[in-house]
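One-letter residues, chain by chain:
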Amino acid sequence: MVSKDSRQTEKNHHLIQAMRHALEGIFDVISQERNMRYHIAVAMIVVILGVILRVDRLEWLWLLLAILVVFSAEFLNTVTEAVTDLLGEHHYDINVKKAKDVAAGGVLITAIFAVLVGLIIFLPRIVKLLGY
Ligand SMILES: Nc1ncnc2c1ncn2[C@@H]1O[C@H](COP(=O)(O)OP(=O)(O)OP(=O)(O)O)[C@@H](O)[C@H]1O
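Cut-off values and rules
- Residues numbered from 1 in each chain as written.
- Predicted model: local features only at pLDDT ≥ 70, side-chain atom pairs only at ≥ 80, totals over all residues.
- Heavy atoms only, no water.
- UniProt positions renumbered as here; feature names shortened; annotations may be inferred.
- Helix = DSSP H or I, 4+ residues; strand = E, 2+ residues; numbered from the N terminus.
- Contact = heavy atoms within 4.5 Å.
- Patch = residues over 30% accessible without salt bridge, like charges linked within 9 Å, V, L, I, M, F, W, Y side chains within 5 Å.
- Areas by Shrake-Rupley, 256 points an atom, 1.4 Å probe, with all protein chains shown as cover.
- Salt bridge = Lys/Arg side-chain N within 4 Å of Asp/Glu carboxyl O.
- Axes fitted to C-alpha atoms, helices over the stretch in contact; angles between N-to-C directions.
- Parallel < 35°, antiparallel > 145°, perpendicular 65-115°, else oblique.
- Nonpolar A, V, L, I, M, F, W, Y, C, P; charged D, E, K, R; others polar.
- Phe/Tyr/Trp six-rings, centres within 6.5 Å; stacked < 30°, edge-to-face > 60°.
- Buried < 20%, exposed > 50% of the residue type's maximum accessible area, 1.4 Å probe, protein only.

By the naming in an unreviewed UniProt entry, the protein is Diacylglycerol kinase family protein, taken from Limosilactobacillus fastidiosus. You can read under Sequence similarities (unreviewed entry) in the UniProt record for the protein the words "Belongs to the bacterial diacylglycerol kinase family." Its UniProt record gives the protein a comment under Subcellular location (unreviewed entry), which states: "Cell membrane".

Here's what the structure looks like:
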């Protein structure tokens, strides 16, 4: 998404402008990062499962937290890629490798956390539903 003031380099002048840029950032991550679209698809499946399997209020908080940390890590990963590509998109740089690998590691850790939360909440219900 390219706004009228997409070449702005000074600070935002008002809240609406700041919000618009924040929304542009969200739209960019969703439209340009395939992994973000996977995360959104999984989050939607989790929410549908949560409704079908009637998870309770506390479990919803854990599920929403898990979704939020994965999304946040993917946003930071995207920031890291954009900034490091400024330094060395077309040539090998050990610091670019480190930054990208660490950011990707952060996404992996949060994804593992989310899978564990999902298993802890959904597995007992699914096992019960299957009659074991
Ligand atoms: N300029 C570079 N210098 C050194 N290593 C790089 C560089 N660019 C990429 N790499 C290495 O290649 C890996 C993949 O880079 P890439 O930019 O595709 O990140 P990615 O996390 O796979 O991207 P995406 O999240 O979009 O799938 C990085 O984790 C890093 O190890």
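Let us keep going from here.
Caption draft 1: Representation of the environment of Val-29 in the model. Of note, Val-29 is situated in helix H1 (residues 15–32). With 45 residues separating them in the primary sequence, Val-29 and Glu-74 have C-alpha atoms 8.4 Å apart. With residues near it in sequence (within four places) discarded, Val-29 still touches Met-36, Phe-75 and Thr-78.

Caption draft 2: Region of interest: a nonpolar patch on the surface. Judged by side-chain polarity, Leu-108, Ile-112, Val-115, Leu-116, Leu-119, Ile-120, Leu-123, Ile-126, Val-127, Leu-130 and Tyr-132 come together as a nonpolar surface patch covering roughly 1100 Å² of accessible area. For Ile-126, the location among the structural elements is in helix H4 (residues 94–129).

Caption draft 3: Seen up close, the packing of H1 against helix H2 (residues 34–52). The interhelical angle for the contact between H1 and H2, taken along N-to-C directions, is 95 degrees, at an axis separation of 5 Å. Between H1 and H2, the angle is such that the two are roughly perpendicular. On H2, the residues that touch Val-29, Ile-30, Ser-31 and Gln-32 of H1 are Arg-34, Met-36, Arg-37 and Ile-40. Residue composition of the contact of H1 with H2, grouped by class: four nonpolar, two polar and two charged.

Caption draft 4: Spatial organisation of the packing of aromatic side chains. Scanning the model with the defined rule gives one aromatic pair in all. Between the aromatic rings of Trp-62 and Phe-113, the centroid separation amounts to 6.4 Å while the plane-to-plane angle is 55 degrees, which identifies the pairing as tilted. Here Phe-113 lies in helix H4 and Trp-62 lies in helix H3 (residues 57–88), a separation of 51 residues in the sequence. Looking at Trp-62, the relative accessible area reads 42%, which means it is partly exposed.

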